[in-house]
Amino acid sequence: MNGLGYSRKKRLGDLLIEAGVISQEQLKAALEEQKSSKSGKKLGSVLIDLGIVTEGQIIEALKAQLKIDSIELSGIRISEEITKLTDEQLLRKYNLIPFGFSERNPNILKVAMADPLDIRAIDDLSIITGFQVERYVTSVSDIAAAIDRYYGNVEALRVAEQFTREREEQYRAKAAAEEANEESLTQAPIVKLVKQIIEQAVHKRTSDIHIEPMEEQVRIRFRVDGVLHEAMRHDINIHSALIARLKIVSGLDISEKRKPQDGRATSIVDRQEYDIRVSILPTVYGEKAVLRLTQKKGLTRDKRNLGFPDEELEKFDKLLEHPNGLILVTGPTGSGKSTTLYTALSELNVEGVNIITVEDPVEANLNGINQVQVNEKAGLTFRSALRSILRQDPDIIMIGEIRDRETAEIAVKASITGHLVVSTLHTNSAAGTITRLADMGVEKYLIADSTVGVIAQRLLRRVCPVCGIEKEADEFEKEILGKANESKKIMIKEASHRECVRCGGTGYFGRIGVYEIMPVTPKLKTAISRGEGADAIEEISLEEGMKTLRMGAIDYALQGLTTVEEVKRVTYDN
């Protein structure tokens, strides 16, 4: 019977050696590390942290050696009948979650486990539920996300209620208590609540957490795939302590409640380090906080994973081959510009090259690259930093954002004098970027001489692979897709927005980049020098093979990767 006949002596280390995944020396090193760290980490986690094995290799070895199946919990809905069998504390203690009953025997409970060799966990679960256990193996992060999905809000509400209860008791005992005393008395549950909110946000693939005070409640919303969704609400009494905790962890002034403040914090969730940018803004009902979550490794990825179609990837490579010149990445906030820039820098980061960046803020640390953090209070602006950088013998300079004429002029002149400069601008299209530089006051002949290429980009939500619905495009949708005159059927996907475990009922799961790459050719250089407008520049680029953002978005819609609604939302038509 799958997973029911298990050895009580087999250990993970021996099993991985038998499977040929690790050597005896590697096991010895991991066991020594486990013993010396005294962190109570399981052997599997230590092996992964040391880079000896991956989570996937452990799962495959366990499957083969124990003859059990693996399971992906994101595609399964767990019934309330099963979630009521256990509590969250037990599940988190043993890193497991029951997800169904066996089809062949209703007395057997199917359980996803990160460590199916944990006999104590199996015995405890069997005693508590009264069922036999059939083991399935999955990753720690998959289990954590599932526990959050089915128990997360319950725990958050329990912690919030605990805080409210403590507050009321405190008021009864000490009506005139100072706010500082209140903070110290109620800190523990608030620390737990903040941690819970961040963990839940990470598991739901959130980019921004919004904590918003209202008249009687605090609303917490998560931005997932570029769109805000309400995650939870709490009593307004919790608000001041919640904001105070965020200020403490991000190094802000707790006593200052009338001015906006910005800070940074870090948090580790599922062994991954996340950088958290905290922004506090006073509103009529109190201070609103927005937390932007960035995975430290999330901004540096292989260029093939950015979503470039083959022909666009070829253009991207050719831009990066230039020894000098100006490469600009443009788009609105949250369009993936930073990821593209960091990917480009990782590609260019070789031993014989000196790369220096000036950023506000530094979003990810890159090995071998000299990164400068802008500090307006100390007088370290983009302009002053760039002047100093030019005396540091750089080969490649990355400017976080060109914000004014002086920064633009320094960037352009640096690119002409033998440096490769990469930067971002907030414009709607690649052609519009050229005219924006001219509007800033940079001479047109300098723009033409320095710019080697412009990349405009957006992020489109991918239609959910589980609940997306295939349908025939109607006349209005054909018009948007540029197929108004075609008589044949055009099949497209639309978001269902029905209850779905994979996407949480949004109809979308994940995002894909759409790009408009405009290499500056000799013909374009002439047009830019003449002072041609954005329309004329775009027309020449289209003649030379450029695909606009809208054209790229339409291609994705016709491939069934996204919807017509997303094409309308993210791109615009002149």
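For clarity, every value in this text was computed on a predicted model and none was experimentally measured.

With respect to the packing of aromatic side chains
For the coordinates displayed, the defined rule picks out four aromatic pairs. Measuring from centroid to centroid gives 5.2 Å for Phe-99 and Tyr-136, while their planes differ by 80°, and the two rings are edge-to-face. Here the residue Phe-99 occupies a position in strand β2 (residues 96-101), and Tyr-136 occupies one in strand β4 (residues 132-137), the gap between them amounting to 37 residues. Here the two residues Phe-99 and Tyr-136 agree in accessibility, since each one is buried. Put simply, the rings of Phe-308, Phe-316 and Tyr-515 touch in pairs and so form one group of aromatic residues. Arg-205 extends its terminal NZ or CZ atom over the ring of Phe-509, reaching a point 4.0 Å from the ring centre.

Description of unusual backbone geometry
A positive phi angle, near 55°, is found at Lys-67, a position not held by glycine. Relative to the elements of secondary structure, Lys-67 occurs in the loop between α4 (55-66) and β1 (69-70). Backbone geometry places Asp-393, a non-glycine residue, at a positive phi of 55°. If you trace the backbone, Asp-393 turns up in the loop between α13 (382-389) and β14 (396-399).

Some thoughts on a nonpolar patch on the surface
Together, Ile-248, Val-249 and Ile-254 make up an exposed nonpolar region whose accessible area comes to about 210 Å². Look at Ile-254 and you get partly exposed, because its relative accessible area is 40%.

Description of the confidence of the model for the protein
The predicted model of the protein averages 86 in pLDDT, with 92% of residues at 70 or higher. Low pLDDT, under 50, characterises residues 182-186; the predicted model gives this stretch twelve contacts beyond four residues in sequence or across chains.

Considering the environment of Pro-260
By the secondary structure assignment, Pro-260 is in the loop between α10 (239-249) and β8 (261-269). It is 4.6 Å that separates the C-alpha atoms of Pro-260 and Leu-281, two residues lying 21 residues apart in sequence. When near neighbours in sequence (up to four residues on either side) are disregarded, Pro-260 contacts Ile-280, Leu-281 and Pro-282.

Re the pattern of salt bridges
For the structure on display, the rule yields 32 salt bridges. In this structure, the salt-bridge partner of Arg-383 is Glu-406, at a minimum N-O distance of 3.2 Å. One end of the pair, Arg-383, is in helix α13; the other, Glu-406, is in helix α14 (residues 405-416), and 23 residues separate them in sequence. Three or more residues joined by partner-sharing salt bridges are found here, namely Glu-212, Arg-219, Arg-221 and Lys-288.

Some remarks on the state of the cysteines
All chains considered together, the criterion is met by zero disulfides. Of the cysteine sulfurs around Cys-467, a residue in no disulfide, the closest is that of Cys-503, at 3.7 Å. According to the relative accessible area criterion, Cys-467 is buried, its value standing at 1%. With no disulfide of its own, Cys-500 lies 3.8 Å from the sulfur of Cys-503, the closest cysteine sulfur.

Digging into α10
With eight of its eleven residues buried, α10 lies for the most part within the structure. Listing the buried residues of α10 in full gives His-239, Ala-241, Leu-242, Ile-243, Ala-244, Arg-245, Leu-246 and Lys-247. One or two residues past the end of α10 sits Gly-251, with phi positive at roughly 70°.

Overview of the sheet that holds β2
Pairing is mixed across the open sheet formed by four strands, whose spatial order is β1-β4-β3-β2. Where the open sheet ends on each side, the last strands, each with one partner, are β1 and β2. Pairing geometry for strand β3 (residues 108-113) and β4, over six bridges, is parallel. Residue pairing in the sheet places Lys-110 in a bridge with Glu-134 of β4. Most of the contacts of α4 go to β4, to which it runs at about 135°, and overall it touches β1 and β4. Contacts from helix α7 (residues 119-129) reach β2, β3 and β4 within the one sheet, and its direction differs from that of β4 by about 135°.

Focus: helix α18 (residues 522-529)
Residues of α18 that are buried include every one of Leu-524, Ala-527 and Ile-528, and no others. Taken end-on, α18 shows its buried residues confined to a sector of 100°, consistent with a single buried face. Buried residues in α18 make contact with α15 (430-439), α16 (444-450), β19 (508-519) and α19 (534-543). Positive phi appears at Gly-531, one or two residues downstream of α18, with a value of about 85°.

Describing the side chain of Glu-516
Within the secondary structure, Glu-516 sits in strand β19. One buried charged residue, Glu-516, forms no salt bridge at all, with the nearest opposite charge on Arg-458 at 7.5 Å. Those residues in contact with Glu-516 that sit more than four places away from it in its chain are Ser-429, Ala-430, Ala-431, Val-454, Ile-455, Ala-456, Met-546, Lys-547, Thr-548 and Leu-549.

A short note on the nonpolar core
Among the nonpolar cores identified, the biggest contains 54 residues, and Val-358, Ile-399, Leu-437 and Met-518 are the most heavily contacted of them. Contacts of Leu-437, omitting those with residues within four sequence positions, involve Leu-326, Leu-328, Ala-408, Leu-425, Val-442 and Ile-447. Formed by 33 residues, the second largest nonpolar core is a distinct cluster that contains Ala-241, Ile-243, Tyr-274 and Ala-289.

Criteria and thresholds
- Residues numbered from 1 in each chain as written.
- Predicted model: local features only at pLDDT ≥ 70, side-chain atom pairs only at ≥ 80, totals over all residues.
- Heavy atoms only, no water.
- Phe/Tyr/Trp six-rings, centres within 6.5 Å; stacked < 30°, edge-to-face > 60°.
- Helix = DSSP H or I, 4+ residues; strand = E, 2+ residues; numbered from the N terminus.
- Buried < 20%, exposed > 50% of the residue type's maximum accessible area, 1.4 Å probe, protein only.
- Lys NZ or Arg CZ within 6 Å of the ring centre and 35° of its normal.
- Patch = residues over 30% accessible without salt bridge, like charges linked within 9 Å, V, L, I, M, F, W, Y side chains within 5 Å.
- Areas by Shrake-Rupley, 256 points an atom, 1.4 Å probe, with all protein chains shown as cover.
- Salt bridge = Lys/Arg side-chain N within 4 Å of Asp/Glu carboxyl O.
- pLDDT = per-residue confidence, 0-100.
- Contact = heavy atoms within 4.5 Å.
- Disulfide = S-S within 2.5 Å.
- Pairing = 2+ DSSP bridges.
- Axes fitted to C-alpha atoms, helices over the stretch in contact; angles between N-to-C directions.
- Arc of directions from axis to C-beta.
- Lys, Arg positive; Asp, Glu negative; His and termini not counted.
- Core = buried A, V, L, I, M, F, W, Y, C linked by side-chain atoms within 4.5 Å.

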